[in-house]
Amino acid sequence: MSTKNPDRVVIVGGGTAGWMTASYLKKAFGDKISVTLVESGKIGTIGVGEATFSDIRHFFEFLDLKEEEWMPACNATYKLAVRFQDWRRKGHHFYHPFEQMPTVNGFPLTDWWLQDGPTDRFDTDCFVMANLCDAGRSPRFLDGSLIDQGFAEGAKELSGLTMSEHQGKTQFPYAYHFEAALLAKYLTKYSTDRGVHHIIDEVQDVRLDERGWIDHIVTKDHGSLEGDLFVDCTGFRGVLLNKALEVPFISYQDTLPNDSAVALQVPLDMEKRGINPYTQATAQDAGWIWTIPLFGRIGTGYVYAKDYLSPEEAERTLREFVGPEAAEVEANHIRMRIGRSEQSWKNNCVAIGLASGFVEPLESTGIFFIHHAIEQMVKHFPAADWSPELRKSYNSSIANVMDGVREFLVLHYQGAGRDDTQYWKDTKTRAVPDGLAERLERWKVQLPDSENVFPYYHGLPPYSYMCILLGTGAIPARATPSLGMSDTAAAHKEFAAIRDKSRHLIETLPSTYEYFASMRERS
Ligand SMILES: Cc1cc2nc3c(=O)[nH]c(=O)nc-3n(C[C@H](O)[C@H](O)[C@H](O)COP(=O)(O)OP(=O)(O)OC[C@H]3O[C@@H](n4cnc5c(N)ncnc54)[C@H](O)[C@@H]3O)c2cc1C
Ligand SMILES: N[C@@H](Cc1c[nH]c2cc(Cl)ccc12)C(=O)O
């Protein structure tokens, strides 16, 4: 066994995963390690992946990048929520916003809402952000100041925490949409400026030693590349982890059948059309369509199950949905590998991004998985003895995040009120992951809380489950019985405060388009 600390990292793949990993590692370890990134000039990146979690802000903060610097370079916009359109029935919508759930006398406001809500919309009654979404507002004023959502920007006690340590302490009010290819380009410059060695070449072979560890990789034009730790960011191909090291892939398809997507990038006049401050997921006959507003274009795509719909039909439906602006735009058809690798770190190879695992992009979790994996890789970085315990701990953290998100996504389909096509009928009879059936029964009488959701960190707080349960509508939810014997006055005061605050903010905040147009003038 080597007595040397592993300090030569080789990353294969130059998509979002590869460049996020390279820049973060260089920032974390500086000259203590060497980082080489090899990407193929021929094999493209997946070309989608534009909506994020709010936690991604910790990634940019870690790299010391300010919104004014990176956002205009990546045509980025703000995301205050996911808007679910037509999931309960056609014409209905609800939001899953970035906003902590207010608590009144020990019960979440949604519980009081079930008991005696002012309107039939849990989201606009309980969350300020849902009202800002309906009104298309920016979460920042034109001078750059952030709305007051109980969040102190730059608060000392919160800086330096990983995402999992952060959860529950506070909720930042927005995430980002950005052009993935532009972010990769931005991070390429960031990384290479700081000493990351960039090679454009194809990996043709992966040579293992007698223990089954990667000894070196063989490239087409640059010969052999040696390293201590190899990071597989080769996307769905899984060239190092799945192919060379033969780590099996656990499919989630029995519970999440969508396995295909067709995507379009549609340039639009945003000044005329405005910019919605949310990702939209619109239910369709055999899946759903995402709409992600960027500065200057929308990213859109139909996620579907090929057992129910052909690629041609999916593309036709998507083009009809978008309208004439998409006529000249070429479609990108994608087959998705849904599930996770049995282990994401084996020996001296760790897979990050699509090579590690993926679930359909309904809650924009792909980049969150990458960010989480990078934080955990730094936390579990090996010493000279390559302790297997570190890898074990890393692997269970990654598996828990992905299995937890799978449960959360299955809830969307179990809960959807739609039953007008075979696809939606079948969502109710399909198997659910172990443990979820019991939890679904519990949520019928007790709203999701920290005691009764998936028990390991997976990025989603209990209030996110409440939103999907109450918004999708097929699973009956009821107020905690004791609220029937309680005075609802305090809850009504809270509902009124949310209404007043929303009204005031809608009157004073700029539209999302106005905000970004002025940010571009400033930067
Ligand atoms: C339909 C769809 C929608 C999505 N939407 C979102 C979203 O809204 N939000 C979100 O967070 N995530 C989303 N994702 C996930 C997101 O796209 C990915 O997590 C992210 O782009 C990371 O991809 P990657 O870097 O792992 O792989 P890729 O982008 O596929 O990159 C693979 C890289 O590996 C290189 N490579 C492959 N083989 C070799 C080889 N032999 N030698 C050298 N190089 C090689 C390629 O050249 C490329 O650079 C979506 C995914 C899909 C499929
Ligand atoms: N930690 C995540 C969790 C989260 C909380 N609210 C939302 C809303 C949406 Cl649309 C996605 C994710 C989340 C985060 O803060 O990003």
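As the structure is a computational prediction, the values presented were derived from the model and not from experiment.

(A) Representation of the layout of surface pockets. Counted as a void, the second largest pocket has a volume near 730 Å³. Residue lining of the second largest pocket: 41 residues in total, with Gln167, Leu460, Pro461, Pro462 and Tyr463 positioned closest to the centre. Those elements that place two or more of their residues in the lining of the second largest pocket are α2 (56-62), β4 (81-85), β5 (93-97), β7 (107-108), α7 (163-166) and α16 (462-472). Looking at which element gives the most residues to the lining of the second largest pocket, the answer is α16, with 4 residues. Taken together, the residues that form the lining of the second largest pocket break down as 21 nonpolar, 15 polar and 5 charged.

(B) Examining unusual backbone geometry more closely. The phi angle at Asn75 is positive, at roughly 50°, despite the residue not being glycine. Within the fold, Asn75 resides in the loop between α3 (67-73) and β3 (77-79). For Asn75, a relative accessible area of 17% gives the class buried. Not every positive phi belongs to a glycine, and Trp386 is a case in point at roughly 45°. Residue position: Trp386 is located in the loop between α12 (366-379) and α13 (388-415).

(C) Representation of the site of ligand 2 in the model. Taken together, the neighbourhood of ligand 2 is formed by 13 residues, with Ser54, Asp55, Gln171, Gly459 and Tyr463 sitting nearest. Within the side chain of Tyr463, a nitrogen or oxygen atom sits 2.7 Å from a nitrogen atom of ligand 2. Within the complex, the protein chains bury 97% of what would otherwise be the 390 Å² of accessible surface of ligand 2. Judged by the proximity of its atoms to the pocket grid, ligand 2 belongs to the second largest pocket. Of the residues contributing to the shell around ligand 2, the split by class is 6 nonpolar, 5 polar and 2 charged.

(D) Broad picture of the packing of aromatic side chains. By the definition in use, this model includes 39 aromatic pairs. Between the aromatic rings of Tyr78 and Tyr174, the centroid separation amounts to 4.1 Å while the plane-to-plane angle is 40°, which identifies the pairing as tilted. Taken together, the residues span a long stretch of sequence, with Tyr78 in strand β3 and Tyr174 in the loop between α7 and β8 (175-177) at a distance of 96 residues. Residue class for Tyr174 comes out buried when judged on its relative accessible area of 0%.

(E) Quick look at the environment of Arg88. Checked against the element boundaries, Arg88 lands in the loop between β4 and β5. With 383 residues separating them in the primary sequence, Arg88 and Gly471 have C-alpha atoms 7.2 Å apart. Not counting residues within four places of it along the chain, the set of residues in contact with Arg88 comprises Gly417, Arg418, Leu470, Gly471, Thr472 and Gly473. A polar contact is formed between the side chain of Arg88 and the backbone oxygen of Leu470, at a distance of 2.6 Å.

(F) Focus on the nonpolar core. Counting residues in hydrophobic clusters, the biggest one holds 149 residues, and the most contacted among them are Trp70, Trp87, Ile352 and Met377. Per-element tally for this core: the top contributor is α13, with 10 residues. Grouped together as the second largest cluster of nonpolar side chains are 17 residues, Ile199, Val203, Ile217 and Val247 included.

(G) Fine view of the sheet that holds strand β10 (residues 203-208). The strand order β10-β11-β12 describes an open sheet built from 3 strands, whose pairing is antiparallel. The sheet terminates laterally at β10 and β12 (223-226), the two strands that pair on one side only. In this sheet, neighbouring strand axes are inclined to one another by 25° on average, regardless of whether the strands run parallel or antiparallel.

(H) Spatial organisation of the pattern of salt bridges. Summed over the entire model, instances satisfying the criterion amount to 25 salt bridges. We note a salt bridge from Glu67 to Arg140, for which the minimum N-O separation is 3.6 Å. Here Glu67 is found in helix α3, whereas its partner Arg140 is found in the loop between α6 (128-134) and α7, with 73 residues between them in sequence. When sorted by exposure, Glu67 lands in the same class as Arg140, which is buried.

The rules behind the values
Residues numbered from 1 in each chain as written. Chains lettered and ligands numbered in written order. Predicted model: local features only at pLDDT ≥ 70, side-chain atom pairs only at ≥ 80, totals over all residues. Heavy atoms only, no water. 1 Å grid on protein atoms, 1.4 Å probe; cavity = no way out; pocket = protein on both sides within 12 Å on 5 of 7 lines; lining within 4 Å. Points joined across faces, edges and corners; volume = space filled by probe spheres on them. Helix = DSSP H or I, 4+ residues; strand = E, 2+ residues; numbered from the N terminus. Nonpolar A, V, L, I, M, F, W, Y, C, P; charged D, E, K, R; others polar. Buried < 20%, exposed > 50% of the residue type's maximum accessible area, 1.4 Å probe, protein only. Near = heavy atom within 4 Å. Polar contact = N/O pair within 3.5 Å; in protein donor to acceptor, adjacent residues only side chain to side chain. Areas by Shrake-Rupley, 256 points an atom, 1.4 Å probe, with all protein chains shown as cover. Sits in = over half its atoms within 2 Å of the grid points. Phe/Tyr/Trp six-rings, centres within 6.5 Å; stacked < 30°, edge-to-face > 60°. Contact = heavy atoms within 4.5 Å. Core = buried A, V, L, I, M, F, W, Y, C linked by side-chain atoms within 4.5 Å. Pairing = 2+ DSSP bridges. Axes fitted to C-alpha atoms, helices over the stretch in contact; angles between N-to-C directions. Salt bridge = Lys/Arg side-chain N within 4 Å of Asp/Glu carboxyl O.

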